[in-house]
Amino acid sequence: MDKIILETERMYLREMSPEDFKAICLIMQDEQTMQAYNGAFADCDVRTWIERQLQRYDTYGYGLWAAIRKDSGELIGQCGLTRQYWLERQVIEVGYLFRRDHWHKGYATEAAKACKTYAFGQLEANRLCAIIRDTNTASQGVAQRIGMTRRPGIMVKHYRGTDMPHYLFAVEKY
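Residues numbered from 1 in each chain as written. Predicted model: local features only at pLDDT ≥ 70, side-chain atom pairs only at ≥ 80, totals over all residues. Heavy atoms only, no water.

Counting 52 residues, the largest nonpolar core has Leu 81, Val 94, Tyr 96 and Phe 98 as the members making the most contacts within it. If you tally residues by element for this core, the top one is helix H3 (residues 107-121), at 9 residues. Those residues in contact with Phe 98, other than ones at most four positions away along the chain, are Met 11, Ile 27, Thr 33, Ala 67, Ile 76, Gly 77, Gln 78, Cys 79, Trp 103, Tyr 107, Ala 108 and Ala 111. Formed by 7 residues, the second largest nonpolar core is a distinct cluster that contains Val 91, Cys 129, Ile 131 and Leu 168. (Core = buried A, V, L, I, M, F, W, Y, C linked by side-chain atoms within 4.5 Å. Buried < 20%, exposed > 50% of the residue type's maximum accessible area, 1.4 Å probe, protein only. Helix = DSSP H or I, 4+ residues; strand = E, 2+ residues; numbered from the N terminus. Contact = heavy atoms within 4.5 Å.)

Structure, rendered in C-alpha coordinates:
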(Lines give C-alpha, C1' and ligand atoms only; values in the text may rest on other atoms or scores of the structure.)
Protein backbone atom coordinates (compact mmCIF):
# COMPACT_ATOMS: atom_id res chain seq x y z
CA MET A 1 0.00 0.00 0.00
CA ASP A 2 1.24 3.51 -0.84
CA LYS A 3 2.52 5.52 2.10
CA ILE A 4 1.02 8.97 1.51
CA ILE A 5 2.93 11.71 3.28
CA LEU A 6 1.28 14.92 2.07
CA GLU A 7 -1.74 16.00 0.10
CA THR A 8 -2.21 19.18 -1.91
CA GLU A 9 -5.12 20.39 -3.98
CA ARG A 10 -4.08 18.45 -7.10
CA MET A 11 -1.55 15.89 -5.86
CA TYR A 12 -0.50 13.63 -3.11
CA LEU A 13 3.12 12.96 -2.22
CA ARG A 14 3.98 9.42 -1.25
CA GLU A 15 7.09 7.40 -0.65
CA MET A 16 8.75 6.12 -3.80
CA SER A 17 9.15 2.42 -4.41
CA PRO A 18 11.17 0.32 -6.86
CA GLU A 19 7.93 -0.10 -8.86
CA ASP A 20 8.16 3.60 -9.74
CA PHE A 21 11.25 2.97 -11.88
CA LYS A 22 9.63 3.48 -15.31
CA ALA A 23 7.79 6.63 -14.24
CA ILE A 24 10.94 8.09 -12.64
CA CYS A 25 12.85 7.28 -15.86
CA LEU A 26 10.41 9.50 -17.80
CA ILE A 27 11.70 12.38 -15.68
CA MET A 28 15.34 11.55 -15.14
CA GLN A 29 16.11 10.29 -18.63
CA ASP A 30 14.93 13.48 -20.31
CA GLU A 31 17.95 15.60 -21.31
CA GLN A 32 16.17 18.93 -20.95
CA THR A 33 14.65 18.07 -17.58
CA MET A 34 18.02 16.97 -16.28
CA GLN A 35 20.08 19.97 -17.44
CA ALA A 36 20.76 20.96 -13.82
CA TYR A 37 22.38 17.54 -13.38
CA ASN A 38 24.42 17.87 -16.58
CA GLY A 39 22.37 15.35 -18.53
CA ALA A 40 20.01 12.42 -18.44
CA PHE A 41 20.53 9.49 -16.09
CA ALA A 42 21.19 5.90 -17.15
CA ASP A 43 18.95 3.12 -15.83
CA CYS A 44 21.48 2.23 -13.12
CA ASP A 45 21.59 5.88 -11.97
CA VAL A 46 17.80 6.01 -11.68
CA ARG A 47 17.78 2.80 -9.63
CA THR A 48 20.46 4.25 -7.35
CA TRP A 49 18.42 7.45 -7.01
CA ILE A 50 15.33 5.51 -5.92
CA GLU A 51 17.39 3.40 -3.50
CA ARG A 52 18.83 6.60 -2.00
CA GLN A 53 15.30 7.84 -1.29
CA LEU A 54 14.37 4.53 0.35
CA GLN A 55 17.48 4.81 2.55
CA ARG A 56 16.53 8.39 3.47
CA TYR A 57 13.04 7.27 4.53
CA ASP A 58 14.59 4.63 6.80
CA THR A 59 17.28 6.94 8.22
CA TYR A 60 15.48 10.28 8.54
CA GLY A 61 11.81 9.53 7.98
CA TYR A 62 11.75 11.70 4.85
CA GLY A 63 13.33 12.13 1.44
CA LEU A 64 12.09 12.98 -2.03
CA TRP A 65 8.55 11.69 -2.50
CA ALA A 66 6.68 10.68 -5.64
CA ALA A 67 4.23 13.39 -6.75
CA ILE A 68 1.01 11.77 -7.95
CA ARG A 69 -1.80 13.61 -9.74
CA LYS A 70 -5.08 12.96 -7.97
CA ASP A 71 -7.18 13.10 -11.13
CA SER A 72 -5.15 10.58 -13.14
CA GLY A 73 -3.10 8.66 -10.59
CA GLU A 74 0.05 9.20 -12.64
CA LEU A 75 3.47 9.95 -11.18
CA ILE A 76 4.42 13.36 -12.58
CA GLY A 77 7.38 14.31 -10.45
CA GLN A 78 9.14 14.16 -7.17
CA CYS A 79 9.33 16.63 -4.35
CA GLY A 80 10.42 16.36 -0.77
CA LEU A 81 12.99 17.09 1.87
CA THR A 82 16.60 15.97 2.13
CA ARG A 83 19.64 16.78 4.21
CA GLN A 84 22.29 18.46 2.12
CA TYR A 85 25.49 20.37 2.73
CA TRP A 86 25.88 24.06 2.00
CA LEU A 87 29.47 25.18 2.48
CA GLU A 88 30.17 22.37 4.98
CA ARG A 89 27.00 23.02 7.02
CA GLN A 90 24.11 20.57 6.90
CA VAL A 91 20.71 22.04 5.99
CA ILE A 92 17.23 20.72 5.32
CA GLU A 93 16.53 21.24 1.65
CA VAL A 94 13.35 21.13 -0.35
CA GLY A 95 13.92 19.54 -3.75
CA TYR A 96 11.61 19.22 -6.74
CA LEU A 97 11.89 17.63 -10.15
CA PHE A 98 8.88 17.26 -12.46
CA ARG A 99 8.23 15.70 -15.82
CA ARG A 100 8.65 18.29 -18.56
CA ASP A 101 5.05 18.03 -19.81
CA HIS A 102 3.96 19.25 -16.35
CA TRP A 103 6.23 22.31 -16.20
CA HIS A 104 4.72 25.80 -15.90
CA LYS A 105 1.48 24.50 -14.39
CA GLY A 106 2.24 25.23 -10.73
CA TYR A 107 2.87 21.65 -9.65
CA ALA A 108 6.40 22.23 -8.34
CA THR A 109 5.33 25.31 -6.39
CA GLU A 110 2.27 23.53 -4.98
CA ALA A 111 4.32 20.53 -3.84
CA ALA A 112 7.23 22.62 -2.51
CA LYS A 113 4.84 24.77 -0.49
CA ALA A 114 3.37 21.64 1.14
CA CYS A 115 6.90 20.41 1.91
CA LYS A 116 7.71 23.76 3.51
CA THR A 117 4.67 23.42 5.79
CA TYR A 118 5.73 19.85 6.63
CA ALA A 119 9.32 20.92 7.42
CA PHE A 120 8.23 23.70 9.77
CA GLY A 121 5.38 21.73 11.31
CA GLN A 122 6.22 18.03 11.46
CA LEU A 123 10.02 18.33 11.53
CA GLU A 124 10.03 21.53 13.60
CA ALA A 125 12.76 22.95 11.36
CA ASN A 126 13.63 26.60 11.87
CA ARG A 127 14.95 27.08 8.34
CA LEU A 128 14.32 25.51 4.96
CA CYS A 129 16.75 25.80 2.07
CA ALA A 130 16.98 25.12 -1.64
CA ILE A 131 20.40 24.71 -3.26
CA ILE A 132 19.92 25.56 -6.92
CA ARG A 133 22.25 25.65 -9.89
CA ASP A 134 22.96 29.20 -11.04
CA THR A 135 21.51 28.56 -14.49
CA ASN A 136 18.27 26.97 -13.22
CA THR A 137 16.07 30.05 -13.19
CA ALA A 138 12.83 28.02 -13.20
CA SER A 139 13.75 26.31 -9.91
CA GLN A 140 14.89 29.62 -8.49
CA GLY A 141 11.42 30.98 -9.31
CA VAL A 142 9.76 28.11 -7.43
CA ALA A 143 11.91 28.85 -4.39
CA GLN A 144 10.95 32.52 -4.52
CA ARG A 145 7.25 31.71 -4.89
CA ILE A 146 7.31 29.75 -1.63
CA GLY A 147 8.89 32.67 0.21
CA MET A 148 12.59 31.92 -0.13
CA THR A 149 15.21 34.53 -0.84
CA ARG A 150 18.68 34.13 -2.26
CA ARG A 151 21.38 34.25 0.37
CA PRO A 152 25.01 35.35 -0.01
CA GLY A 153 27.58 32.96 -1.34
CA ILE A 154 28.10 30.49 -4.14
CA MET A 155 28.99 26.84 -3.77
CA VAL A 156 30.54 25.00 -6.71
CA LYS A 157 29.55 21.36 -7.07
CA HIS A 158 31.67 19.20 -9.34
CA TYR A 159 29.33 16.77 -11.03
CA ARG A 160 29.78 14.62 -14.12
CA GLY A 161 32.94 16.40 -15.12
CA THR A 162 31.56 19.92 -14.80
CA ASP A 163 31.94 22.65 -12.18
CA MET A 164 28.43 23.89 -11.39
CA PRO A 165 27.92 27.03 -9.33
CA HIS A 166 24.92 26.82 -6.99
CA TYR A 167 23.00 29.45 -5.03
CA LEU A 168 21.36 29.07 -1.65
CA PHE A 169 17.75 30.12 -1.23
CA ALA A 170 16.25 29.98 2.26
CA VAL A 171 13.26 30.88 4.38
CA GLU A 172 13.01 30.94 8.16
CA LYS A 173 10.09 29.72 10.21
CA TYR A 174 7.95 32.65 11.26
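Another aspect to go through is helix H1 (residues 21-28). Within H1, the full set of buried residues consists of Phe 21, Ile 24, Cys 25, Ile 27 and Met 28. Axial view of H1: buried residues confined to an arc of 160 degrees, hence all on one face. For H1, exposure combined with an orientation more than 90 degrees from the buried face picks out Lys 22 and Leu 26. For H1, the elements touching its buried residues are helix H2 (43-60), strand S4 (75-86) and strand S5 (89-98). (Arc of directions from axis to C-beta.)

A few words on unusual backbone geometry. Not every positive phi belongs to a glycine, and Leu 87 is a case in point at roughly 45 degrees. Of note, Leu 87 is situated in the loop between S4 and S5. With relative accessibility at 47%, the residue Leu 87 sits in the partly exposed group.

With that out of the way, let us pick up helix H4 (residues 137-145). When H4 is considered as a whole, its buried residues turn out to be Ser 139, Gln 140, Gly 141, Val 142 and Ala 143. Considering only its buried residues, H4 is in contact with S5, H3, strand S6 (127-133) and strand S8 (162-172). Taken from the residues just after H4, Gly 147 is the one with a positive phi, measuring 95 degrees.

With that out of the way, let us pick up the packing of aromatic side chains. Applying the stated criterion across every chain, the model contains 6 aromatic pairs. Note on Phe 41 and Trp 49: the rings are 5.9 Å apart at their centroids and 80 degrees apart in plane angle, and the pair reads as edge-to-face. Relative accessible area serves as the criterion here: at 6%, Phe 41 is assigned to the buried category. Classification of Trp 49 by relative accessible area gives buried; the value is 7%. Ring geometry for Tyr 60 against Tyr 62: centres 6.0 Å apart, planes inclined by 35 degrees, an arrangement best described as tilted. With a relative accessible area of 3%, Tyr 62 lands in the buried category. Grouping aromatic residues by their ring pairs yields a cluster made of Tyr 37, Phe 41, Trp 49 and Tyr 159. Between Arg 10 and the ring centre of Tyr 107, over which it is positioned, the NZ or CZ distance is 4.0 Å. We note Arg 150 situated over the ring of Tyr 167; from NZ or CZ to the ring centre the distance is 3.4 Å. (Phe/Tyr/Trp six-rings, centres within 6.5 Å; stacked < 30°, edge-to-face > 60°. Lys NZ or Arg CZ within 6 Å of the ring centre and 35° of its normal.)

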